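Commentary on secondary and tertiary structure
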Amino acid sequence: MTRRSSRPRRRQRGTGGAPRRAGHGKLRIIGGDFRRRLLPVLDSPGLRPTPDRVRETLFNWLTTATPGARVLDLFAGTGALGLEALSRGARRACFVERDGGVADALADNLATLGAGERARVVTADALAFLAGEPTPCSLVFLDPPFRQELATPCCAALERGWLTEDAFIYLEAESELVPRVPEHWQLHREVRAGDSTGRLYRRQGQSGTGSPDGDAC
């Protein structure tokens, strides 16, 4: 998911304002069991899926890592990356999205795909969620709103036990940002699209600290 606005989102769940509608936009799953399925995208400012080309490139890199993976999709939005991972055989996925309407739309799409039993949607701020009890995940998607200085603290918070020893972490951010990530994250691949750059890291030589059977993700 990408949110391109440089300004903080003004509306959150329960804060009023005009209701959002199911827009005319569509999210297309590009591979796996749900290939070519089209899902509605909520009409919400700044909300759009990660482009097909970028998703296809990313999951080509992750061909052997996705089946059986435990996935955490932070700042999930449309859930494009987590949904693609479930389509390609991920064992379980947790989607974290602070906007209640966007989270509800994502839950509806999971139900439409029949993937609800393998997924959990949490309506929460990403940093607040990461402050909770961790469950190690082998694949993490991190796509914070641009220019809000969220990438660095989220990367640091993931090291509280949210990552398996050899986890993959995909970070999408504004291209001018030079990410500060833990020193044992090795840059594996990089892709640029428009004003954003996606970087896939592989965690090296550390151990996760949570319980792999927990319910958090």
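Computed from a predicted model, the values in this text were never measured in an experiment. (Residues numbered from 1 in each chain as written. Predicted model: local features only at pLDDT ≥ 70, side-chain atom pairs only at ≥ 80, totals over all residues. Heavy atoms only, no water.)

Let us look at the environment of L110. By the secondary structure assignment, L110 is in helix α3 (residues 100-113). When its relative accessible area of 3% is taken as the criterion, L110 is described as buried. The spatial distance from the C-alpha of L110 to the C-alpha of G79 is 9.3 Å, given a sequence separation of 31 residues. Those residues in contact with L110, other than ones at most four positions away along the chain, are L83, L86, F95, A115, G116, A119 and V121. (Helix = DSSP H or I, 4+ residues; strand = E, 2+ residues; numbered from the N terminus. Buried < 20%, exposed > 50% of the residue type's maximum accessible area, 1.4 Å probe, protein only. Contact = heavy atoms within 4.5 Å.)

Take empty space enclosed by the protein next. Under the defined criterion, the tally for this structure stands at 1 cavity of 30 Å³ or more. In terms of lining, the largest cavity is formed by L27, P40, V41, L42, L47, G77, T78, V102, A105, L106 and N109. Elements that contribute at least two residues to the lining of the largest cavity include exactly β3 (38-43) and α3. Per element, the largest residue contribution to the lining of the largest cavity is 4 residues, and it comes from α3. (1 Å grid on protein atoms, 1.4 Å probe; cavity = no way out; pocket = protein on both sides within 12 Å on 5 of 7 lines; lining within 4 Å. Points joined across faces, edges and corners; volume = space filled by probe spheres on them.)

For residues with low pLDDT, the predicted coordinates do not support detailed interpretation. Taken as a whole, the protein shows an average pLDDT of 86; of its residues, 82% reach a score of 70 or greater. Long-range and interchain partners of residues 2-23, a stretch whose pLDDT sits below 50, account for 57 contacts in this model, where long-range means more than four residues apart. Note on residues 208-212: pLDDT is under 50 here. Beyond four places in sequence and across chains, it has 15 contacts. (pLDDT = per-residue confidence, 0-100.)

We now examine the sheet that holds strand β7 (residues 119-122). Taken in spatial order, the 7 strands of this open sheet run β7-β6-β5-β8-β9-β11-β10, and their pairing is mixed. A single partner strand is all that each edge strand has here, and the edge strands are β7 and β10 (185-193). On average, each strand axis in the sheet is inclined to that of its neighbour by 15°, with strand direction left out of account. As paired strands, strand β9 (residues 163-174) and strand β11 (residues 196-203) are joined by 7 bridges and run antiparallel to one another. Bridge assignment links F168 to a residue of β11, and that residue is R202. Contacts between helix α2 (residues 80-87) and the sheet are confined to β5 (70-74), β6 (92-96), β7, β8 (137-142) and β9, with β6 contributing the most and set at about 170° to the helix. (Pairing = 2+ DSSP bridges. Axes fitted to C-alpha atoms, helices over the stretch in contact; angles between N-to-C directions.)

For the rest of this paragraph, the subject is helix α5 (residues 151-158). The complete set of buried residues in α5 reads A151, C154, C155, A157 and L158. On an axial view of α5, the arc spanned by its buried residues comes to 165°, and they lie on one face. (Arc of directions from axis to C-beta.)

This part is about the state of the cysteines. The final tally for this structure, using the stated rule, is 0 disulfides. This cysteine, C154, is not joined by any disulfide, and C155 carries the nearest cysteine sulfur, 7.1 Å off. (Disulfide = S-S within 2.5 Å.)

The next thing to look at is the pattern of salt bridges. Side chains that differ in charge, positive against negative, can pair when their charged atoms come close. The final tally for this structure, using the stated rule, is 8 salt bridges. Between R55 and E84 there is a salt bridge, with the nearest N and O atoms lying 3.0 Å from each other. One end of the pair, R55, is in helix α1 (residues 52-61); the other, E84, is in helix α2, and 29 residues separate them in sequence. Given a relative accessible area of 1%, R55 falls into the buried group. Residue classification places E84 among the buried residues on the basis of a relative accessible area of 0%. In this structure, R147 and E176 form a salt bridge, with 2.8 Å as the shortest nitrogen-oxygen distance. Linking R147 in the loop between β8 and α5 with E176 in the loop between β9 and β10, this pair joins segments that are 29 residues apart in sequence. Accessibility expressed as a relative area gives 41% for R147, which makes it partly exposed. (Salt bridge = Lys/Arg side-chain N within 4 Å of Asp/Glu carboxyl O.)

Here we take up the packing of α1 against α2. When two helices pack together, you describe them by how their axes are tilted relative to each other and by the distance separating the axes. Relative to each other, α1 and α2 sit at 45°, their axes nearing to 11 Å. Here α1 is positioned oblique relative to α2, judged by the angle of their axes. Once α1 is placed against α2, the crossing between them reads as right-handed. Taken together, the residues of α2 that come into contact with α1 (itself represented by R55, L58 and F59) are A80, L81, E84 and A85. Looking at the contact of α1 with α2 residue by residue, the class counts come to 5 nonpolar, no polar and 2 charged. (Parallel < 35°, antiparallel > 145°, perpendicular 65-115°, else oblique. Left-handed = near helix turned anticlockwise from the far one by under 90°. Nonpolar A, V, L, I, M, F, W, Y, C, P; charged D, E, K, R; others polar.)

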